[in-house]
Amino acid sequence: MYEPIRTKSVHTTAGTTPDFPHRSREEELDIQLAGHLAALLTVTDELRALESSADLDRAAERLAAQVARLRGVPPVRAVRSAHIDESHIAALHRRAHTLAGRALVVAASRADTAAAILSAQRMDAHTAALGEPREPIAAG
């Protein structure tokens, strides 16, 4: 009635080690945060090509430093292009605000104070650039 299984199981048992490396939660969050900050750096570089600003220059350098800290190598920077349409400035500020918000969530999750502060500052700067009022943070 019962016939034993003659082939190897496709399921792993609890005692075996996988044949591929796993990353820790912290390593995954580092990778995710570096990605969000690198994307924010790219948008910041695009904005710098359109609007010359000392604030954007400082932000780009701080973002590059954070990405380098998380990845261990300096980020690849976007080449300034003079062919960007100026009507996209508001869209770039909205995109940068969204990216900074995502970076803030990940930075808070991994308790990275420096990245969280930088992300919050960039959110404020892009909100101000759009001329939108800043929502106050409710005290708990």
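Values in this document were obtained by computation on a predicted structure and should not be read as measured data. (Residues numbered from 1 in each chain as written. Predicted model: local features only at pLDDT ≥ 70, side-chain atom pairs only at ≥ 80, totals over all residues. Heavy atoms only, no water.)

Focus on the overall build of the protein chain
Assigned secondary structure in the protein chain consists of four helices and zero strands. Ordering the α and β elements of the protein chain from the N terminus gives α-α-α-α. Taken across its 140 residues, the protein chain has 31% of its residues classed as buried. Considering only intrachain contacts with a sequence separation of at least 6, the fraction spanning at least 24 residues in the protein chain is 71%. For the protein chain, the exposed area adds up to about 9,700 Å²; of that, 56% sits on carbon and sulfur atoms. (Helix = DSSP H or I, 4+ residues; strand = E, 2+ residues; numbered from the N terminus. Buried < 20%, exposed > 50% of the residue type's maximum accessible area, 1.4 Å probe, protein only. Contact = heavy atoms within 4.5 Å. Areas by Shrake-Rupley, 256 points an atom, 1.4 Å probe, with all protein chains shown as cover.)

What about the environment of A59?
Positionally, A59 belongs in helix α2 (residues 54-71). Sequence spacing of A59 and R122 is 63 residues, and the spatial spacing of their C-alpha atoms is 7.6 Å.

Remarks on the environment of A129
By the element assignment, A129 lies in helix α4 (residues 113-130). On a C-alpha basis, the gap between A129 and H93 in space is 7.1 Å, while along the polypeptide they are 36 residues apart.

What to know about the packing of helix α3 (residues 89-109) against α4
It is at 8 Å that the axes of α3 and α4 come closest, and there the two elements cross at 155 degrees. Relative to α4, the element α3 is oriented roughly antiparallel. Note on packing geometry: the crossing formed by α3 with α4 is left-handed. Touching A90, H93, R94, A96, H97, A100, G101, A103, L104 and A107 of α3 are A115, A116, S119, A120, R122, M123, H126, T127, A129 and L130, all from α4. Classifying every residue of the contact of α3 with α4 by side-chain character gives 12 nonpolar, six polar and two charged. (Axes fitted to C-alpha atoms, helices over the stretch in contact; angles between N-to-C directions. Parallel < 35°, antiparallel > 145°, perpendicular 65-115°, else oblique. Left-handed = near helix turned anticlockwise from the far one by under 90°. Nonpolar A, V, L, I, M, F, W, Y, C, P; charged D, E, K, R; others polar.)

Brief notes about the packing of α2 against α4
Put simply, α2 and α4 touch, their axes get as near as 11 Å, and they point 150 degrees apart. On the basis of the axis angle, α2 is roughly antiparallel to α4. Where α2 crosses over α4, the handedness of that crossing is left-handed. Note on element contacts: α4 touches α2 through A114, A115, L118, Q121, R122 and A125, opposite D55, L56, A59, R62, L63, Q66 and R69. Counted by class, the contact of α2 with α4 contains seven nonpolar, two polar and four charged residues.

Comments concerning the side chain of R110
Within the fold, R110 resides in the loop between α3 and α4. Overall, R110 belongs to the buried group, its relative accessible area being 19%. A polar side-chain atom of R110 sits 2.4 Å from a polar atom in the side chain of D30. Not counting residues up to four positions away in its chain, the partners in contact with R110 are E26, L29, D30, L33, R69 and L70. (Polar contact = N/O pair within 3.5 Å; in protein donor to acceptor, adjacent residues only side chain to side chain.)

Thoughts on the nonpolar core
Among the nonpolar cores identified, the biggest contains 28 residues, and L33, L37, L40, V43, L47 and L63 are the most heavily contacted of them. Elements supplying a minimum of two residues to this core: α1 (25-50), α2, α3 and α4. The dominant element in this core, judged by the number of residues it contributes, is α1, at 10 residues. Discounting residues that sit within four places of it in the chain, L33 has contacts with L70, A103, V106, A107, R110, D112 and A115. (Core = buried A, V, L, I, M, F, W, Y, C linked by side-chain atoms within 4.5 Å.)

Structural notes on the pattern of salt bridges
Following the criterion strictly, the structure yields nine salt bridges and no others. Taking the shortest distance from any N to any O, the salt bridge between R48 and D45 comes out at 2.8 Å. Separated by three residues within a single helix, R48 and D45 lie in helix α1, roughly one turn from each other. Summarising the burial analysis for this pair, R48 and D45 share the class buried. Note that R77 and E61 form a salt bridge whose closest N and O atoms lie 3.5 Å from each other. Of this pair, R77 sits in the loop between α2 and α3 while E61 sits in helix α2, and the two are 16 residues apart along the sequence. (Salt bridge = Lys/Arg side-chain N within 4 Å of Asp/Glu carboxyl O.)

Nothing here speaks to function; it is geometry throughout.
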